[in-house]
Amino acid sequence: MDIFTRLDPTKTYTAPQLQLILGAWVLSGFVEPGTKVSTTNGHVAEDDYTKQSIYSLLYSLYRSVGIVEGDTGESYEFTFNTWGYAWPEAWGKCPILASDPQRFGRIAYTGLYQFNEIQEYVKARNGRVHVIEMGCGTGAGAHHVCHNVLPDCTYEAVDMQNAAIETCRRRFVPGLRGRLVATHSDATKLSIPDGSADFVAVNETHVTEMVGIVTPEDERFFRTAYRLLKPGGFLTWGNAIPDVTWQPCFDFLKSIGMKQVEVRDVTKEAVLARDLDAGRADAYVRHVLDMFPAFRVPVVGPKKRLEAKLAMENFYRNPGTNLYQNMVDRTDTYKVVLFQKPAAS
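Rules used throughout
Within each chain, residue numbers correspond to sequence positions counted from 1 in written order. This being a predicted model, a pLDDT of at least 70 is required before a residue's local features are given, and a value of 80 or more before pairs of side-chain atoms are given or counted; all residues contribute to the totals for chains, interfaces and linings. Only hydrogens and water are set aside when side-chain values are computed; all heavy atoms of the structure are taken into account. Only DSSP runs of H or I reaching four residues or more are called helices, and only runs of E reaching two or more are called strands; each is numbered from the N terminus. When we talk radius of gyration, it's over C-alpha atoms, and the globule rule is simply 2.2 Å times the number of residues to the 0.38. Using a 1.4 Å probe on the protein chains alone, a residue whose accessible area is under 20% of its type maximum counts as buried, one over 50% counts as exposed, and one in between counts as partly exposed. In this description, contact between two residues means that some pair of their heavy atoms is separated by no more than 4.5 Å. Here, Shrake-Rupley sampling with a 1.4 Å probe gives the accessible areas, and only protein chains in the shown set may cover a residue. None of His or the chain ends enter the tally, which takes Lys and Arg as positive and Asp and Glu as negative. Every charge is mapped to an atom, namely NZ of Lys, CZ of Arg, CG of Asp or CD of Glu. The length a helix should cover is 1.5 Å for every residue beyond the first. As used here, the term nonpolar core means buried Ala, Val, Leu, Ile, Met, Phe, Trp, Tyr and Cys residues forming a set that is joined through side-chain atoms within 4.5 Å. UniProt positions are given in the numbering used here, feature names are shortened, and annotations may be inferred rather than shown by experiment. Think of it this way: DSSP has to see at least two bridges between two strands before they count as a pair. For helices, the fitted axis covers only the stretch in contact; all axes are lines through C-alpha atoms, and the angles between them, taken along N-to-C directions, range from 0 to 180 degrees. By salt bridge we mean one thing: a side-chain nitrogen of Lys or Arg within 4 Å of a carboxyl oxygen of Asp or Glu.

Asks: It is not clear to me how the overall build of the protein should be interpreted in this structure. Could you clarify?
Replies: Secondary structure summary: the protein contains 11 helices and nine strands in total. In summary, the protein has a C-alpha radius of gyration of 20 Å against a globular reference of 20 Å for 345 residues, a match within 12%. Each principal axis of the C-alpha distribution contributes one length, and for the protein these read about 70 × 40 × 40 Å. Classification of the 345 residues of the protein by burial places 56% in the buried group. In the protein, 79% of the contacts between residues at least 6 apart in sequence involve partners at least 24 apart. Entry remark: accessible area of the protein is about 14600 Å², with carbon and sulfur atoms responsible for 53%. Averaged over its 37 positive side-chain charges, the protein has a centre that lies 4 Å from the centre of its 40 negative ones.

Asks: For this particular structure, what's the right way to read helix α1 (residues 15-27)?
Replies: An α-helix turns once every 3.6 residues. As a result, residues three or four positions apart point the same way. The first and last C-alpha atoms of α1 sit 18 Å apart over 13 residues, in line with the 18 Å expected at 1.5 Å per residue. All buried positions along α1 are accounted for by L18, I21, L22, G23, W25 and V26. Packed against the buried residues of α1 are α2 (51-65) and α10 (300-315).

Asks: When you look at the nonpolar core in this model, what are you seeing that I'm missing?
Replies: In a soluble, globular protein the nonpolar side chains are often hidden away together inside. Counting residues in each nonpolar core, the largest one holds 47 residues, and the members touching the most others are Y85, Y113, L150, Y155 and F199. Residues contacting F199, with those up to four places away along its chain left out, are Y113, I118, Y121, V122, V129, H130, V131, I132, L150, L229 and F234. Core analysis: the next-biggest nonpolar cluster, separate from the first, contains 40 residues, A163, A164, A294 and L310 among them.

Asks: Please clarify how unusual backbone geometry should be interpreted in this entry.
Replies: Of all residues except glycine, most have a negative phi; of all peptide bonds, most are trans. The residue R317 is not glycine, and still its phi comes out positive at about 60 degrees. Owing to a relative accessible area of 3%, R317 belongs among the buried residues under this scheme.

Asks: Explanation requested: the UniProt feature "domain: Methyltransferase" (unreviewed entry) in the protein in the structure shown.
Replies: According to UniProt, the feature "domain: Methyltransferase" (unreviewed entry) maps to residues 131-233 in the numbering used here. Secondary structure content for residues 131-233 is 32% helix and 26% strand, and the end C-alpha separation is 10 Å.

Asks: So what exactly am I meant to see when it comes to the environment of T79 here?
Replies: Within the secondary structure layout, T79 lies in the loop between β2 (75-77) and α3 (103-111). On a C-alpha basis, the gap between T79 and V337 in space is 24 Å, while along the polypeptide they are 258 residues apart. Setting aside its immediate chain neighbours within four residues, T79 contacts Q102, T138, A140, T167, R171 and F172.

Asks: Quick question: what am I supposed to make of the sheet that holds strand β9 (residues 332-340) here?
Replies: The strand order β5-β4-β3-β6-β7-β9-β8 describes an open sheet built from seven strands, whose pairing is mixed. Each edge of the sheet is formed by a strand with only one pairing partner; in this case those strands are β5 (180-184) and β8 (259-265). Across this sheet, the average inter-strand angle for adjacent strands is 15 degrees, counted without regard to direction. In this structure, strand β3 (residues 130-134) lies alongside strand β4 (residues 154-159), joined through five bridges in parallel fashion. By the bridge assignment, V131 is partnered in β4 with Y155.

Asks: Would you take a moment to explain the pairing of β5 for this structure?
Replies: Looking along a regular strand, one sees the side chains alternate between the two faces of the sheet. Pairing between β4 and β5: five bridges, direction parallel. In the sheet register, Y155 faces β5, and the bridge partner there is L180.

Asks: For this particular structure, what's the right way to read the pattern of salt bridges?
Replies: Working definition: two side chains of opposite charge can pair if their charged atoms are close together. Applying the stated criterion across every chain yields a total of 18 salt bridges. For E166, the salt bridge identified is with R63, shortest N-O distance 3.2 Å. With E166 in helix α6 (residues 162-171) and R63 in helix α2, this residue pair connects regions lying 103 residues apart in the sequence. Given the relative accessible area of 28%, E166 is considered partly exposed. Assessed through its relative accessible area of 32%, R63 is described here as partly exposed. Across the salt bridge formed by D290 and R305, the nearest N and O atoms sit 3.0 Å from each other. Separated by 15 residues along the polypeptide, D290 in helix α9 (residues 267-290) and R305 in helix α10 bring together distant segments of the chain. Bridged by salt links that share partners, the residues E77, R170 and R171 form one connected network.

If you want it as structure tokens, here you go:
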């Protein structure tokens, strides 16, 4: 069983199914001694995994794990699958409680709307704006925005992972009285009408990751964002990606008619967030791995546990991992950017 490539994004795997899946992966170590995971820093090569399989596993795990205790002492369900960043001092007082175990994810979503141009746009419409998020995960960020950032908005949260959308419909949609809609779909194949959104939000979505190039998938993604926006609407986008990939993305967005408004570099704050969040992430990984007896199988169990531990920690950009070091040396940079679709003439 190859958990890195074989899982189905249309499925939500139950706890018993996860036991079988990870059990089979562990036992495969008897016949497939090699590993896709670096046992030094958790790196997994791009060609050795698919995002569909990895996210299918992670979102099913999060749902099965349920409520845990964070390093701040507060209990939480892992719903912000977001690295995030510490609140930049230049932005003034941080609106997120320091005791919130998922505070950096909330900060990342809040930061999408910190631009003066967005705040003026919202004020001019008395707060009644419509957001479409491409790659929403569990919808935790959508819920946060609807409650705390744009309390009069409506919001459509879109993700290709059914397990994530099911969590959104279970945890977040019911309390917002119709203001939040969760849609299971490939974000580039949406049937949403043109010009529907005041804002298209993209927060750490798994695109634009190839070094120095904009792929055909990335182009479809950006063209969809352009199509969804109303004239005068904004694409607000935050992510950590290869530093040399930002400019090709900006160039492509400009080539399809988008106007670059502002770019904010929060890489330093992203590294700080990973340092401050390491204890919580480590504890969560241990909690997940302890749920699976297969990791106690002699010989292969400890080896596969180490691989799983390092792969998860690398995915979270924990200190000591490959993706963390990429931010430290700025191979990857975390930026929050704003582009605008020109108003109709």
